[in-house]
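# Chain and residue survey
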Amino acid sequence: MGRAKPTASDGSISAGSDFLHLSITDAAPGGRADWLTDRLRQAIAEGRVPVGDRLPPTRVLAADLGVSRGVVTEAYQRLTEEGHVAGRGRAGTVVVAAPAAPTPAPVAAPAPVATFPPAPDTDTFEALRAVPATIDLTPGLPDLTAFPRADWLRAERTVLRRLAAADLGYGDPCGTPTLRQAVAAWLARNRGISVDPAEVIVVAGVSQALVLLAQALTAAGVDRIAVEDPGSFGVRQHLNNWRMATPPIAVDDAGLRVDELTASGAPAVMLTPAHQFPTGVVLDGDRRRQLVAWARSGGLVIEDDYDAEHRYDRPPVPALRGLLPEQVCYAGSVSKLLAPALRVGWLLVPARLREAVVAAKRNADLGNAVLPQLVLAELMTSGAFERQLRLLRRRHIRRRDAMIAALARAVPSATVHGAAAGLHLMITLDDTVVDTDLAAATLARGVKVQPLSWHCQRPYRPGLVLGYAARTPTEIEAGVAAVAAALGQCRPTAGRAARVSPGTVGRGPARRAAPARVSPAAAGRPGSSRTAC
């Protein structure tokens, strides 16, 4: 890895490196860090720099290439955020994971269309999860390679050193006091919610929160909870499993249509106001005021705050719970911040529902496992939780921008929604496409996506919901290329110029990364009834 000094035919010395035979003359003006990142990523993917090998020290490689050290540092930082390399102190920068090859390998046989039925049932998601894929763009998946293993182990050692024997017995079904205190402090700092730690109920993720609420509300005589449309099929699935009807309420550019909610007569509503799933819109100020008025007249709001911390191009949106605590049930979790496998979340409920919810939790499992609660509390109080969020934001911005840019190049007919926050993008297409067929054709090319129609109860424009948080930019580009190829098979006509829905991209990186023009198409505009929802 010494400095390369090849002599040109005219006797001059050109800057270059023996390491991978890199030559700075190949880089575009002003794009040296991009060029170096791409070259290193490609070398890792192809195995020329295998997992376990060290990259040259930044100072050495910069001198070899004749560039500033900042160029190399930036390239290494990007690879670190993508999960390909890791700094190991004196051991240097080590390759820890290889990205996928630039082009996804096709699966052995095309996926059957039955994998994507027009009307999914309760087993559909589980069946799709089991189907192998080269690249998984399923929404809601966080980057599991980013799990802070070192911080978790450090926190676990700290907890075990001070753990009393009595702490290993049966605890409060509402959760350990330590975690409830940490959650209350986190919600106050980050979500604008002032809550007594004693009001926090620790649950096994938002899914269990919904189950507990369904039981408590059924006992109180509630048999309908209105939901957003489009809205999460998984949420409807959990509520329907407990015999709760879920009448659809339309979502447009301003969020949930409160006038429709009022007309429906539903006593309760489930919504995602900070970053609506799947459209990505934010419940605006006027709609918030309408919703507060509806709740004060006796309605109950169930607020799913599933990924509000993941915002990039817009200011934070306070939680509804902070405005109306006695009419809002609030649910959140660490699934999108750390890992779904931890099965740790929290639930806040009005006082009138607390006894029934706690009884349901006690009957379900006697409370979450204690050790993970204590370790998570240590992460939250030590500052490691905030550090992890900052790392994820930087990584997600790059991956989101890579997906927007790839869509603009490969799928110019798509309209992109929800880019300012979250872990996924929604794209809508023209009405000649059947999105379940498109999802099946994409899976046949080794890439897993979700059809938008699965998340609709009423007719809506066809489209896809694409997760980007768990994939590297290289994988994202390959995945979008597979979507484009599948779209050509499903609808072999030329598309329009790519569009980004207004309000979804702010003044940050997405606007720079996406050469797409802004379209007047709105996230909530209904489309043809041709695509079954």
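Up top is the structure these notes are about.
My aim in this report is to walk through the structure given alongside it, one point at a time. Quantities reported herein were computed from a predicted structural model and do not represent experimental measurements. (Residues numbered from 1 in each chain as written. Predicted model: local features only at pLDDT ≥ 70, side-chain atom pairs only at ≥ 80, totals over all residues. Heavy atoms only, no water.)

## Here we look at the nonpolar core
- Ranked by size, the top nonpolar core spans 40 residues in total, and within it M403, L407, V411, L425, V449 and L464 carry the most contacts.
- Listed by contribution, the elements that provide at least two residues to this core are helix 4 (124–130), helix 13 (384–410), strand 16 (424–428), helix 14 (435–443), strand 19 (463–467) and helix 15 (473–490).
- No other element matches helix 15, which puts eight residues into this core.
- Apart from residues no more than four positions distant in its own chain, L407 is found in contact with P412, V416, L425, I427, L466 and V480.
- Listed in part, the 32 residues of the second largest apolar core include I193, V200, L338 and V375. (Core = buried A, V, L, I, M, F, W, Y, C linked by side-chain atoms within 4.5 Å. Buried < 20%, exposed > 50% of the residue type's maximum accessible area, 1.4 Å probe, protein only. Helix = DSSP H or I, 4+ residues; strand = E, 2+ residues; numbered from the N terminus. Contact = heavy atoms within 4.5 Å.)

## So, the pattern of salt bridges
- Across all of its chains, the model carries 23 salt bridges by this definition.
- Across the pair E46 and R48 runs a salt bridge whose closest N-O atoms are separated by 3.0 Å.
- Through salt bridges with shared partners, a single ionic network connects D34, E74, R78 and R398. (Salt bridge = Lys/Arg side-chain N within 4 Å of Asp/Glu carboxyl O.)

## Overview of the sheet that holds strand 13 (residues 328–333)
- Reading across the sheet, the eight strands line up as 7-14-13-12-11-8-9-10 and stay open at both edges, with mixed pairing between neighbours. Strand pairing shows two members of the sheet lacking a second neighbour, strand 7 (201–203) and strand 10 (255–256), which therefore form its edges.
- Sheet topology note: the strand 8 (residues 226–229)/strand 11 (residues 268–271) ladder contains two bridges and is parallel. Bridge pairing in strand 11 places V227 opposite M270.
- Each of strand 7, strand 11, strand 12 (300–304), strand 13 and strand 14 (345–348) touches helix 7 (residues 205–219); the most contacted strand, strand 13, lies at about 155° to it. (Pairing = 2+ DSSP bridges. Axes fitted to C-alpha atoms, helices over the stretch in contact; angles between N-to-C directions.)

## Focus: the environment of F385
- Along the chain, the position of F385 falls in helix 13.
- Distance in space between the C-alpha atoms of F385 and D151 is 9.1 Å, their sequence separation being 234 residues.
- Apart from residues no more than four positions distant in its own chain, F385 is found in contact with W186, V334, L337, L338, L376, L379 and M380.

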